[in-house]
Each structure stands twice: as C-alpha cells, then as structure tokens.
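So the chains spell out like this:
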Amino acid sequence: MNLLPRWRVGLVSVLQPLSGDTLMADLASLEARARTELDAANDETALRAWNTKYFGKSGEMVAALRDIGSVPKDQRPAYGQQANRIKETLTTAYETALQKEKERALERSLTSEAHDVTLPGRQPARGRLHVATRIMREICAVFADLGFQIYRSREVEDDLTNFELLNMPPHHPARDMWDTFYTKTPGVILRTHTSPGQIHVMRELCPEPVRVILPGMCYRYEAITTRSEIMFQQVEGLAIGDSITMADLKGTIVAFARRMFGDKREVRIRSSYFPFTEPSIEVDMDCIVCAGKGWCLCKGTGWLEVMGAGMVHPIVLKNGGYDPEKFSGFAFGMGPQRITMLRYGMNDIREFWKNDLRFLRQF
Ligand code: DAH
C-alpha cells in the first residue's frame, strides 16, 4: 500500500502518469476528509491543528495546489478550478468554525467563571503635556499678562513673505542665515522662522496698533546635531504703535526674562544685524546655571544668548501697510527649545522630537 497521499505520487507523474480522473477523485476525497475532520475539531487548539495540517507550509491543500504542474496538461484547467474552489470553501468553513468556537469559549467563561464586580478597574496610563508644549504655554502666559495677543500663522509659506517682504530680496546675502526646505511648487516653502507671521498680522490689523506674539514650528534644511534640528519652535513678538521705542522693547524683554527665569535676572543687549530690524540687537541673560560666575553652559562668559530683536525696519512696516513716518514698532524672535535646554541643563536638542518616554517622563 502506498502511504503517500495520491497527489504526492502525482508529483512523479512524469514517470508514472496518473489519469485526470484519479487526481480529481483524490481532490474530492481530500475535501471530504478535511470536512469531516473540521467538523470533529471541537476546540481552538484542534481547529488550529487542522489548519496547519491542510494549509500550513507543507499542508495537504497547499501541496495539492502546488502539484498542479504534474497534472496532464489537458486536465489542468479543470483540476485547477476544482482545487481552488475546494481551497476557498475550506478556508471559509475554517474561519466560520474558528469564529464560532471563540464565541462559545467566551460564553463558557462568562457562565462558568466567577466575576468579581468589586475588583478595582485597570488604571489608565496617564498622559502629560510634552515639555515643548509646557514651555510654550508658559511663554504665552507671560506675554498674555504683558498684554500680548497670541496669533497663529501658517507653517507653509511663500518665498515672498518668508524673505522678500521682510526686506530680503532674491539673492540677498542674509538669506544664507536660513537654509530652506523648498516644495515642488515654485515659491512655496516651509517657513524658516516665525517672522513672516509679522507680515500677516500687520496686513490683517493695519492701521490698528499691534501687540502680538506668534508661536509655532519652523523648519530648516540643516545638519541635525546636538545643537541644531531641522524642526523647532520659535516665538515671534511684534508691537506697533505711534510711539514705540527701544525702551519699550527693553522693558518687555526684561519683564519676560524675570517672569520666566526669576526676578533677579539681568539682561544684556549687544548690537547685531537682521534685515527686518533697524537697529537690530541680540539679547543675553545672565546665566541661570552659574548665576553669572561663568563656568558652565555659558562657556565661561556668564551670559546666555536668548533672542534676536530690534526696531521694525521701515520697509517691513511699509510692506505691512503701516506708514513708517507715523508708526514705529519692535520685534523679537526666540527659540523655546533653547530656553528649555538652558532651564533643564539639556545637552541634546534631538531629545525634543525623539519621543523617548524616559526623557519625556522627566517633565
Ligand atoms: N527670525 C530670526 C531668526 O530666525 C529671529 C529674529 C530676530 C526675529 C530679530 C525678530 C527679530 O523678530 O527682530 O533668526
């Protein structure tokens, strides 16, 4: 007696050609046998074992399908159709049986096992705000107290607003300060700073006075290092009125620094250059870590750089719709990531968007 299933014998049909009828009969008996065994499988383990027997890697049904090549050519279509039909029927029957068995198992456990309805529920995992969101909200709260409104501006900008209207015509060398992500649509870019928001605010509010901050994400096509990321947040500030001076800018910055970092903070101003402000300044704060003694993050200087700022350039005022003869304004821009790093002594900016819970849970 040959113990191998017939379709296995069929594999060597080159030597011993089998008739199409025999093969078809084999298929039919395979189906009948599989059906009977499936009906007899009365728990999940038995069902899964059945599935492996017929549909596993070396399953009988799989073999029957694979062996189609050894069926005499003229009978192949009929054999193929029949084999596929059986495969479909068996698969459906198996899935239905498995589903039914799962329902029965649930029913059994519900009726036979005791349920203690007094057990305490499972604690849901508590989420928390991302440290970047928290600091951003803190900054917004301080400026809100100082009378600034929060203005949301787009992250996808055009070259015109991101550069030109901020007094940087094409080929202006200052554009080199902002390595840009371009999109496939000409002129459409990801904003490299929050400053283009100034234009949107001015055009919306002109000729009213302005006192807003613009928080949000910015993007720069730069190498990612411990100190620079391709995406980061900024907070832009803008105040416009009929007699705004550098003294207002200074007062605002000092008030912010003291609210945010403690009332002993000292602020130092250096002259700088930005195309959209004239004059431009850079603002340093005495080092919160070494309290001005100079031996840490501040690289021994006792001062930490916190923002760029200045008096809004007349051309920018004009681009926003304000007459520079009648209006003046100040603007500033700072990086909350930098501020967070200073505050918590972080040394790797990449932690912000890495989503490592060990890092995030510390805040
Ligand atoms: N946009 C500048 C940057 O990304 C920061 C900045 C500097 C903003 C001076 C200002 C400003 O509004 O007046 O580097």
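All figures in this text were calculated on a predicted structure; none of them were measured in a lab. (Residues numbered from 1 in each chain as written. Predicted model: local features only at pLDDT ≥ 70, side-chain atom pairs only at ≥ 80, totals over all residues. Heavy atoms only, no water.)

Under the defined criterion, the tally for this structure stands at 17 salt bridges. In this structure, Asp 145 and Arg 259 form a salt bridge, with 2.6 Å as the shortest nitrogen-oxygen distance. Of this pair, Asp 145 sits in helix 6 (residues 131-145) while Arg 259 sits in helix 9 (residues 246-261), and the two are 114 residues apart along the sequence. For the salt bridge of Arg 265 with Asp 286, the shortest nitrogen-to-oxygen distance reads 2.9 Å. Here Asp 286 lies in strand 7 (residues 277-286) and Arg 265 lies in the loop between helix 9 and strand 6 (267-274), a separation of 21 residues in the sequence. Note on accessibility: Arg 265 and Asp 286 belong to one class, buried. Connected via shared salt-bridge partners are Arg 268, Arg 270, Asp 284 and Glu 305. (Salt bridge = Lys/Arg side-chain N within 4 Å of Asp/Glu carboxyl O. Helix = DSSP H or I, 4+ residues; strand = E, 2+ residues; numbered from the N terminus. Buried < 20%, exposed > 50% of the residue type's maximum accessible area, 1.4 Å probe, protein only.)

The subject of this paragraph is the nonpolar core. By size, the foremost hydrophobic cluster in this structure holds 42 residues, and its most contacted members are Ile 139, Phe 143, Phe 256, Met 307, Phe 330, Phe 332 and Met 334. Within the residue set of this core, elements represented by two or more residues are helix 6, strand 5 (231-241), helix 9, strand 7, strand 8 (303-312), strand 9 (328-334), helix 11 (336-344) and helix 12 (357-360). At eight residues, the largest contribution of residues to this core is made by helix 6. Listed in part, the 24 residues of the second largest apolar core include Leu 165, Val 210, Val 312 and Tyr 322. (Core = buried A, V, L, I, M, F, W, Y, C linked by side-chain atoms within 4.5 Å.)

What follows concerns the site of the ligand. Neighbouring residues of the ligand: 16 residues in total, closest His 193, Ser 195, Arg 220, Gln 234 and Glu 236. Between the ligand and Trp 178, the relevant distance is 3.2 Å, taken from an oxygen atom to a side-chain nitrogen or oxygen of the residue. Here Phe 332 contributes a backbone N or O atom positioned 3.3 Å from an oxygen atom of the ligand. Starting from 350 Å² of accessible surface for the ligand in isolation, the protein chains cover 92%. Those elements that provide at least two residues to the shell around the ligand are strand 5, strand 8 and strand 9. Of the residues belonging to the shell around the ligand, the class tally is six nonpolar, eight polar and two charged. (Near = heavy atom within 4 Å. Polar contact = N/O pair within 3.5 Å; in protein donor to acceptor, adjacent residues only side chain to side chain. Areas by Shrake-Rupley, 256 points an atom, 1.4 Å probe, with all protein chains shown as cover. Nonpolar A, V, L, I, M, F, W, Y, C, P; charged D, E, K, R; others polar.)

Attention shifts here to the side chain of Thr 340. Tracing the backbone through its elements, the reader meets Thr 340 in helix 11. When residues no more than four places from it in sequence are discounted, the contact partners of Thr 340 are Val 131, Ile 135, Met 346 and Phe 352. (Contact = heavy atoms within 4.5 Å.)

The next thing to look at is the pairing of strand 9. Burial runs high along strand 9: five of the seven residues are buried. Of the strand pairs in this sheet, strand 5 and strand 9 are connected by seven bridges, and their pairing is antiparallel. If you follow Ala 239 over to strand 9, its bridge partner there is Phe 330. As defined by bridge partners, strand 8 adjoins strand 9 across five bridges and the pair is classed as antiparallel. Across the sheet, the residue bridging to Ala 309 is Phe 332, located in strand 9. (Pairing = 2+ DSSP bridges.)

Let us look at the side chain of Ser 280. Here Ser 280 lies in strand 7. Given a relative accessible area of 4%, Ser 280 falls into the buried group. Polar side-chain contacts of Ser 280 include one of 2.7 Å to the side chain of Thr 277. If sequence neighbours within four positions are ignored, Ser 280 has contacts with Arg 270, Ser 271, Ser 272, Tyr 273, Phe 274, Ala 309 and Gly 310.

Taken in spatial order, the seven strands make up an open sheet running 1-4-5-9-8-7-6, and their pairing is mixed. With partners counted over all chains shown, the strands left at the sheet margins are strand 1 (149-150) and strand 6, one partner each. With two bridges connecting them, strand 1 and strand 4 (residues 210-219) associate as parallel partners. Residue Ile 150 lies in a different strand from strand 4, and its bridge partner there is Ile 213.

Right, let's get into the packing of helix 6 against helix 11. Two elements in contact, helix 6 and helix 11, have axes separated by 10 Å at closest approach and are oriented at 100 degrees. Regarding the angle of helix 6 to helix 11, the classification is roughly perpendicular. Between helix 6, through Val 131, Ala 132, Arg 134, Ile 135, Met 136, Glu 138 and Ile 139, and helix 11, the contact on the second element is made entirely by Pro 336, Gln 337, Ile 339, Thr 340, Arg 343 and Tyr 344. (Axes fitted to C-alpha atoms, helices over the stretch in contact; angles between N-to-C directions. Parallel < 35°, antiparallel > 145°, perpendicular 65-115°, else oblique.)

Turning to its location among the elements, Asn 84 is positioned in helix 5 (residues 76-112). Judged by relative accessible area, which is 40%, Asn 84 ranks as partly exposed. Sequence separation of Asn 84 and Ala 64 is 20 residues, and the distance between their C-alpha atoms is 9.8 Å.

Keep in mind these numbers describe shape, not what the thing actually does.
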